[in-house]
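# Working through the structure, step by step
If you want the building blocks of each chain, they are given just below.
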Amino acid sequence: MRPRASDMISKDCVRVAARVRPFNKREKDAGSRCVVSMVSSSITIQDPRDPQNRRSFCFDFAYWSHSGFFQDRSGLFVPEEADGRYADQDSVFQDLGEGILENALQGYNATLLAYGQTGSGKSYSMVGYGPNKGLVPKLCDRLFEAIRGNQETRQCQVFFSMMEIYNEQVIDLLSQGSRTSGGLRIREEQQRGFYVEGLRTVPCDSAQQVEQLMEQGTRTRTTAATHMNANSSRSHMLIILQLKQIFSKENITKQSNINLVDLAGSERQRSCGSEADRLKEGTAINLSLTTLGNVISALADVAVGRKVIHIPYRDSVLTKLLQSALGGNSRTVMIATLSPADICYEESLSTLRYAERAKRIQNRPVVNESPTERLVKELKAENARLLQRLSRLGQEGRRANDETKELRQLLTNNELQIRAIQTLWEQHLQEALRDWEQQYANITQERRMMQMHPYILNINEDAQLSGVVKLFIREGEWDIGLCDSSPRSIAIKGLGIQERHAVFRNEQRRVTLTPHPGSRVIVNGQAVSQTAELQHLDRLILGSNCTYLFIGFPSERGGDEWSRYDYDYFQSEVAAAEGIHLGESSVTGCSQTDPSLLAVFYDYIKLMPMVAEANQMSQELNKGVDFKLEIKNLALSDSKGHDLEKEIVVRVTSVGKKQVWIWSKAKFVNRKFLMEDVYQQHQAEQRETPTVEGLTSAALPRDKDPFWDPVEPLLLGTAHLWLQSLAFRIPLEEQLEVLGSEGTEEAILQAQLVPCNSTGLPLGEDDILIDPSELLGRRLDFQLVLEQCCGLRWIREARNRGVQIGFSLFDCSQPLYTPAVWHNVNPLLDHRVHFASINTSQRLLDYLQSSAVVLELWGLQDGCTDLASSLERVRMTTEGVFIIDDADPTSAAGVNSPELSCAVRALQQDVEELKSVNASLRKENHSLREQLNTARNGGDVGRGRSLRPSCDAEFARALKVFYHSMTSVRAQLQRLRRHRPSEDSDLLGLRLFTDEQSRLLRDFSEQLEQSVCALKQDVAAIVRRKRERSGIWS
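Residues numbered from 1 in each chain as written. Predicted model: local features only at pLDDT ≥ 70, side-chain atom pairs only at ≥ 80, totals over all residues. Heavy atoms only, no water.

The name given to the protein in an unreviewed UniProt entry is Kinesin-like protein 6, and the organism recorded there is Solea senegalensis. According to its UniProt record, the protein has this under Sequence similarities (unreviewed entry): "Belongs to the TRAFAC class myosin-kinesin ATPase superfamily. Kinesin family." Recorded under Function (unreviewed entry), the UniProt text for the protein is reproduced unchanged: "Microtubule-dependent motor protein required for mitochondrion morphology and transport of mitochondria in neuronal cells." (UniProt positions renumbered as here; feature names shortened; annotations may be inferred.)

In structure tokens:
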């Protein structure tokens, strides 16, 4: 049962609502399952990795908008059943919007905050799309309805403001002049509190005017995001409606502010300690949300009686402006939007926790009165007192008459002041009406041109900002680019846009696009350098990331719906052209794409435009740094052969110095925002004092330069040396292919596994075991030998580099490294490490038979420190032998527990007794077997004893040959797994690929069959010789 809207005004605590949206396309493609459930106003979220781990939250309002709805012919989303649980836009407004409106009409300040991760439905709830109007437009409609319905009792004045906060800068979205460098300033007054100096407030007398102003603000926001190279999902949008109500009969004026706040995306950067950046995170890009969280936490602590010394309102622009909404003079509602998909579990849980803290906040709202109205009351009170005095002191008529004259003069001055205020309001309203009429004429002109000419339509990452800008292509030839002086030019701005970027030609009802030399133009995912004819709904990317959809002539349009060509669609096309798409990623051939691969794919297309922008900024600032996306662990596996978790990283290369860094996604995103700061500062300085290009950026100290990092070792690739032969004490010599993260061959590594004795001498063939279990409880020694690395691609690219090999084995938690070798493409390593297990366990045997030692190839650069082996937790003998499988029962039992220590000692005694009993039984069994053999075979006993070791040696040699042949079989299998057709293969190319694949399969089959047949023949020959020599084992 939802609380009634009227209940909202009876309490002063922050009201919190949570809304669960439907799955989006990305989540449906990933096969996501719903992990959120709702009963009344309680929401429960389940950990997809641990179904028993559930968290429940209770809020003032809870809205289930995930399922149970359909879209009618008008495009409106309505419940499937009249009494269904689906909460549409009207339901949300009735609970939240009506209460906010009622508060404002009573004279209270009211605030609505929308919080949640990017894409969780904040903008849909606040603004809405198409016929599904959100809280803001519905609130404006109802506000002006209420004003029209109460015209006889009060006079109302409404002012509208719209601003954006990005990177701690305030941008006026209604400003008609040029944008102020550094944004508008925040001021503070005792009466007003914090306010934005110079923010334009526009008087309105209809909901249509407000809607038009919102469209104007959205257009400005879109243009500003393009010019500033900003991401709208990282910015906050604030709409302020100032309502002033003048009650003539009661001589009362009520004044209230309605703050409607669409907060930036709340998703967290998943950064661990290894991803820590030497530079602070994204300048101020996340400061506002972080500070808002701190303010909410502090106010929540205050509400439960905890002592809080400081509430950090002043730490960010957003919290300064929201001070009255959080703990101050306002009645506040927060709507927290979340995705129910399992892949968004962490973000959704974080949103619910945030909202739970917010509902504890207590505000102190009061009805607002202006100083002018208080003066009127004071003058009336003074007048009443003077009249009383006049009646008592009639004899002092002259004095009373003087006081009455003074009072009348004060009242006259006050009436003049009120009349001046009223006149000023009417003047502002007339100016706003003239602006509105001009904008209405522009809209009418734009709609008329849409029916006459083709045009390009902007597509933004924020769907709310898509389709706002329309650039018309009239007949003739039109230059598009930075140039705006030519009468036949289409002016656009953005990273990578040239003065004259390309030419549109509209001739004979055909539109062509011709790029200028050096300009980046992409059509439908493919880069073009020659003239291309455009078709209706073609996708264009100009410069680094200015995305447009081409809308053809009216006769070509039909009933096409362009909304399916969203921002992700554009980037997916570009990714497919680069060979990255979901069809390639699904190697199993099943219809359901692996969710982990899908997450990597969407990370890739999300970072692609950011990488293009970073490259453009590097070029314009003369940094000489190149950025490239890579998929980490695409072709790599762990010691068991299982695929490693894949993620997106950015390879950063200093072209001149040949230095390379690998940045995580979180680190790159952080650096990208820092680069924007440097770039914008450079642009501002260039406008003020034009100098040599790149001179300003070069003056930045290196330790503060987001394009630079100290060099460090890089993981170039890995190779697997399988350990199965050690379980049989068979030596192994391999030439291993070192594969890079994306499957490229980085080098060839020659390595050996040599079973040996305790002094390091290799074992002979007579020491080969048939059954690995014979090693249980015995000592096992072996050496890992790394002989040489050949064909190092890392060194070929730059001779001032070096390499090291790193590896860890079984329970050695710390990796060991070879000495560094420099400046050599084919370095001789000659590195030998001796390992020993004193008491071989079943766990070690299982490890040897199922695992490989992963040999990591690390690249060193001039100026970086060599990787050193950490021997703190490694047990070694005085001869330098590394001890593995060193399980000490007493240490595991816990030395601080006397009961466990006693139990361990008792178990050890029992084990020793059992060992002695077992030894005596084996000795007795051996004696009985000797007596039995003597009785059966007489003098042939010695011959039988000599035969068995001989047969064992023959069998061991056969096994050794088999394991060596299986090594090449395994390598052939790896080649088959990596063999794929190229993305741009035509029919002939696919036929060649099929032929090559058939040949590889045939070779693999022949090698496998030869190995197995050879083993069968060797075993048959051994058995035959045994039977020929003796009938004992027949």
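Structure shown, so let's carry the discussion forward.
### Re the overall build of the protein
Helix and strand counts for the protein come out as 22 helices and 42 strands. A burial count over the protein gives 47% of its 1034 residues as buried. Excluding contacts between residues fewer than 6 apart, the proportion of contacts in the protein whose partners are at least 24 apart in sequence is 69%. Summing over all exposed atoms, the protein offers an accessible surface of approximately 52500 Å²; the carbon and sulfur share of this is 49%. (Helix = DSSP H or I, 4+ residues; strand = E, 2+ residues; numbered from the N terminus. Buried < 20%, exposed > 50% of the residue type's maximum accessible area, 1.4 Å probe, protein only. Contact = heavy atoms within 4.5 Å. Areas by Shrake-Rupley, 256 points an atom, 1.4 Å probe, with all protein chains shown as cover.)

### A word on the side chain of Lys623
Position of Lys623 relative to the elements: it lies in the loop between α14 (595–620) and β30 (625–632). What makes Lys623 buried here is its relative accessible area of 18%. Here Asp705 takes part through its side chain, which lies 3.0 Å from a polar atom of the side chain of Lys623. (Polar contact = N/O pair within 3.5 Å; in protein donor to acceptor, adjacent residues only side chain to side chain.)

### Some thoughts on the sheet that holds strand β2 (residues 36–39)
If you walk across this open sheet you meet the three strands as β2-β3-β4, and the pairing is antiparallel. A strand with exactly one partner marks an edge of an open sheet, and here the two such strands are β2 and β4 (50–58). Recorded for the sheet is a direction-independent mean angle of 25 degrees between the axes of neighbouring strands. Here β2 pairs with strand β3 (residues 42–47) via four bridges, running antiparallel. Residue Ser37 lies in a different strand from β3, and its bridge partner there is Thr44. Its contacts with the sheet put helix α8 (residues 345–358) on β3 and β4, and the angle it makes with β4 is roughly 30 degrees. (Pairing = 2+ DSSP bridges. Axes fitted to C-alpha atoms, helices over the stretch in contact; angles between N-to-C directions.)

### Concerning the packing of aromatic side chains
Under the defined criterion, the tally for this structure stands at 15 aromatic pairs. Geometrically, the ring pair formed by Phe61 and Tyr63 is stacked, given 6.4 Å between the ring centres and 5 degrees between the ring planes. The exposure classification of Phe61 matches that of Tyr63, with both residues buried. Ring geometry for Phe810 and Tyr847: centres 5.0 Å apart, planes at 50 degrees, overall tilted. Of this pair, Phe810 sits in the loop between β37 (802–807) and β38 (816–817) while Tyr847 sits in helix α18 (residues 842–850); the two residues are 37 residues apart in sequence, bridging distant segments of the chain. Overall, Tyr847 belongs to the buried group, its relative accessible area being 12%. Among the aromatic residues, those joined into a cluster by ring pairs are Phe627, Trp663, Phe668 and Phe707. Sitting over the ring of Tyr108, Arg331 keeps its end group 3.9 Å from the ring centre. One Lys or Arg, Arg509, reaches over the ring of Phe553 and ends 4.4 Å from the middle of that ring. (Phe/Tyr/Trp six-rings, centres within 6.5 Å; stacked < 30°, edge-to-face > 60°. Lys NZ or Arg CZ within 6 Å of the ring centre and 35° of its normal.)

### Looking at the sheet that holds strand β28 (residues 539–542)
Taken in spatial order, the six strands make up an open sheet running β20-β19-β29-β28-β25-β26, and their pairing is antiparallel. Strands at the two margins of the open sheet, each flanked by one partner only, are β20 (470–472) and β26 (526–527). Relative to β26, strand β25 (residues 521–523) runs antiparallel, the two sharing two bridges. Note that in β26 the partner of Ile522 across the bridge is Ala527. Those strands touched by helix α12 (residues 567–577) are β25, β26, β28 and β29 (546–551), and its axis lies near 80 degrees from that of β28.

### Quick word on the pairing of β2
Each regular strand displays side chains that alternate between the two surfaces of the sheet. Burial along β2 is one-sided: the residues Val36 and Met38 are buried and none of Ser37 and Val39 is. Hairpin connection, β2 to β3: the antiparallel pair is bridged by two residues, and Ser40 has positive phi, about 55 degrees.

### Here we look at the pattern of salt bridges
Tallied over the full model, the rule gives 31 salt bridges. Ionic pairing is found between Arg21 and Glu27, a salt bridge with its closest N-O pair at 2.8 Å. The two residues Arg21 and Glu27 agree in class, both being buried. In this structure, Lys138 engages Asp90 in a salt bridge whose closest nitrogen and oxygen atoms are separated by 2.6 Å. In this pair, Lys138 sits in helix α4 (residues 135–149) while Asp90 sits in helix α2 (residues 89–105), placing the two residues 48 residues apart along the sequence. Note on Asp90: relative accessible area 38%, which makes it partly exposed. (Salt bridge = Lys/Arg side-chain N within 4 Å of Asp/Glu carboxyl O.)

### A look at the pairing of strand β18 (residues 331–338)
Burial of β18 is extensive: eight of the eight residues sit out of reach of the surface. With six bridges joining them, strand β1 (residues 15–20) and β18 adopt parallel strand pairing. Residue pairing in the sheet places Ala17 in a bridge with Ile335 of β18. As paired elements, strand β8 (residues 110–115) and β18 share six bridges and run parallel to each other. Residue Ala110 lies in a different strand from β18, and its bridge partner there is Arg331.

### Comments concerning the packing of α2 against α4
Two elements in contact, α2 and α4, have axes whose closest approach is 9 Å; the angle formed by their N-to-C orientations is 50 degrees. Classified by the angle their axes make, α2 and α4 are oblique. The way α2 lies across α4 gives a crossing that is right-handed. Side by side, α2 and α4 meet where Gln89, Asp90, Val92, Phe93, Leu96, Gly97, Glu98, Ile100, Leu101 and Leu105 of the first sit next to Leu135, Lys138, Leu139, Arg142, Leu143 and Ala146 of the second. (Parallel < 35°, antiparallel > 145°, perpendicular 65-115°, else oblique. Left-handed = near helix turned anticlockwise from the far one by under 90°.)

### Here we look at the UniProt feature "binding site: ATP" (unreviewed entry) in the protein
In this numbering, the UniProt entry assigns the feature "binding site: ATP" (unreviewed entry) to Gly116, Gln117, Thr118, Gly119, Ser120, Gly121, Lys122 and Ser123. Its place among the elements puts Gly119 in the loop between β8 and α3 (122–126). Residue classification places Gly119 among the partly exposed positions, given a relative accessible area of 49%.

### Some points on the confidence of the model for the protein
Averaged over the protein, the pLDDT score is 80; the fraction of residues at 70 or greater is 78%. Taken together, the stretch residues 269–274 has pLDDT below 50 and engages in eight contacts with residues farther than four places along the chain or on a different chain. Segment residues 693–698 is flagged for pLDDT under 50; beyond a separation of four residues in sequence, or across chains, it makes 12 contacts in the model. (pLDDT = per-residue confidence, 0-100.)

### Some points on unusual backbone geometry
Despite not being glycine, Asn524 shows a phi value in the positive range, around 55 degrees. Relative to the elements of secondary structure, Asn524 occurs in the loop between β25 and β26. On the basis of relative accessibility, which here comes to 26%, the residue Asn524 falls in the partly exposed class. Although it is not a glycine, Leu537 sits at a positive phi angle of roughly 70 degrees.

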